[in-house]
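# Working through the structure, step by step
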Amino acid sequence: MLKRLTNKQGSGYIDVVVIVLSAILVIALATSVFPVYIAKSQLDSAQAELDRKKSEGEKELASALLQIENGKKELKKVKEELEDLSFFYLDPYAYEEIENALQMRKTDREDLIVRIKEKIVNGLGFLKVQPIIEGRVKSHYGIYKKVFLAGKSFDEIYDIYAIRVITDSVADCYNILGIMHDMFRPIPNRFKDYISTPKPNMYQSLHTTVIGRSGIPFEIQIRTFDMHHTAEFGIAAHWKYKEGIEEHKRRKGRNTASDTIRNSRRKYICFCWLFYCR
C-alpha cells in the first residue's frame, strides 16, 4: 500500500516537472519570438511609411514637371509673339507675304487646330487610356526661317499646322497611327518612324503628314509619355539640339575668322620679307 502511494507521488512529481519545463520552454520561445514579431511589425510600418513617402514624392515630382512643362509652354508662346512682333517691324514685306500665303486669319487658323483635335478625340474615344492631344500653328518667324533661310518653297512646308498625340504605350502609338491614316488622307513619302529608328540624340516619335477635308496638310506626331519626357527634358530636348547647332556655327565662325586673320598675317609677313630682300 505504501509502495503504491510512493509510486503515485513520484509520477505526480514527474508530471509537475514536465508541466514546469513545458511552461519554461513556452516562455523561452515567447521571449525569443516576441522581439522578432516586434521587429517585423516595425519593418512593415517603416516600409509602409517609405511607400507613402515615395508615392508623395512621385506625385510632387509629377506636379513639378507639369508646372515646368506649363511654364515652358507659356514661355514659348511669349517667345513666338516677340519673334513675330520683331519680324513684323524688321521685315514687314516678308511678314505680309507669309500672311497672304497662309490664306487664313489667326483666329481661323486656331479654329482649324481646335476642329482637328476634336475630330481626333472622337476617333480615339474607344481607347482605355485617353491620350493627350496638343496642337499648334507655326509662327510667322518659324515659317520665315524655313522659307527664306532654309531655301524651301512655301509648298514644301508641311508642318505649319501640327498635332501631337501622347499615349501610354508603343503599341498604342502604332494603333493610333493606323487610325489617323483611316481618318485622314496620308501624303506619300511623308511618314517617318523614329521609334524603331531613333535619331542620334535618342529622339523617338512617329511623324506623318495628312490632309483633312479642308484640303490643308498638317503633321501628326505620335509618341509615348516617356518619349515626350525625353524630347522635352532629356538629351533629345529641342532647345538643346538648337543650342548645339548654334554653338557649332559660332565655333565654326570663330575658327573661320581666326584662319582668315592668321592667313592675312602670313601674307603680310611674306610680303614684308620679299620687299626687304629686294
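Everything numeric in this text was worked out from a predicted model, so none of it was measured. (Residues numbered from 1 in each chain as written. Predicted model: local features only at pLDDT ≥ 70, side-chain atom pairs only at ≥ 80, totals over all residues. Heavy atoms only, no water.)

### Looking at the nonpolar core
Leu124, Ile163, Met180, Ile220 and Ile222 are the most contacted members of the largest nonpolar core, which totals 34 residues. Elements with a contribution of two residues or more to this core: helix H2 (92-102), helix H3 (106-123), helix H4 (140-149), strand E2 (161-167), helix H5 (170-183), strand E4 (206-211) and strand E5 (217-224). With five residues, H5 is the single largest residue contributor to this core. (Core = buried A, V, L, I, M, F, W, Y, C linked by side-chain atoms within 4.5 Å. Buried < 20%, exposed > 50% of the residue type's maximum accessible area, 1.4 Å probe, protein only. Helix = DSSP H or I, 4+ residues; strand = E, 2+ residues; numbered from the N terminus.)

### A short note on H2
Every buried residue of H2 is listed here: Ala94, Tyr95, Ile98 and Leu102. Down the axis, H2 shows its buried residues gathered within 105 degrees of arc, on one side only. When the buried face of H2 is taken as reference, the exposed residues oriented beyond 90 degrees from it are Tyr93 and Asn100. (Arc of directions from axis to C-beta.)

### Things to note about the side chain of Thr224
Position of Thr224 among the secondary structure elements: in strand E5. Thr224 gets classed as buried once you look at its relative accessible area, which sits at 6%. Here Thr224 is in contact with Ile166, Thr167, Asp168, Ser169, Val170 and Cys173, once residues within four sequence places are set aside. (Contact = heavy atoms within 4.5 Å.)

### So, the packing of aromatic side chains
All told, the structure shown has eight aromatic pairs when counted by the stated rule. Measuring from centroid to centroid gives 5.1 Å for Phe88 and Tyr95, while their planes differ by 80 degrees, and the two rings are edge-to-face. When the ring of Phe184 is compared with that of Phe218, the centres are 5.1 Å apart and the planes differ by 85 degrees; the resulting orientation is edge-to-face. A residue pair is termed long-range when its members are at least 10 positions apart, and Phe184 in the loop between H5 and strand E3 (185-193) and Phe218 in strand E5 qualify at 34 residues. Each member of the pair, Phe184 as well as Phe218, carries the same accessibility label: buried. (Phe/Tyr/Trp six-rings, centres within 6.5 Å; stacked < 30°, edge-to-face > 60°.)

### Digging into the sheet that holds E3
Across the sheet, which stays open at both edges, the five strands sit in the order E1-E2-E5-E4-E3 with mixed pairing between neighbours. Strands at the two margins of the open sheet, each flanked by one partner only, are strand E1 (132-137) and E3. Going from strand to strand, the sheet's axes swing by 20 degrees on average, the running direction of each strand aside. Pairing geometry for E4 and E5, over six bridges, is antiparallel. (Pairing = 2+ DSSP bridges. Axes fitted to C-alpha atoms, helices over the stretch in contact; angles between N-to-C directions.)

### Focus on the packing of H3 against H5
Where H3 meets H5, the closest approach of the two axes is 11 Å, and the angle between their N-to-C directions is 120 degrees. Taken together, the axes of H3 and H5 lie oblique to each other. As H3 runs across H5, the sense of the crossing is right-handed. Residue-level contacts link Lys119, Ile120 and Gly123 of H3 to Ile179, Met180 and Met183 of H5. Broken down by class, the residue content of the contact of H3 with H5 amounts to four nonpolar, one polar and one charged. (Parallel < 35°, antiparallel > 145°, perpendicular 65-115°, else oblique. Left-handed = near helix turned anticlockwise from the far one by under 90°. Nonpolar A, V, L, I, M, F, W, Y, C, P; charged D, E, K, R; others polar.)

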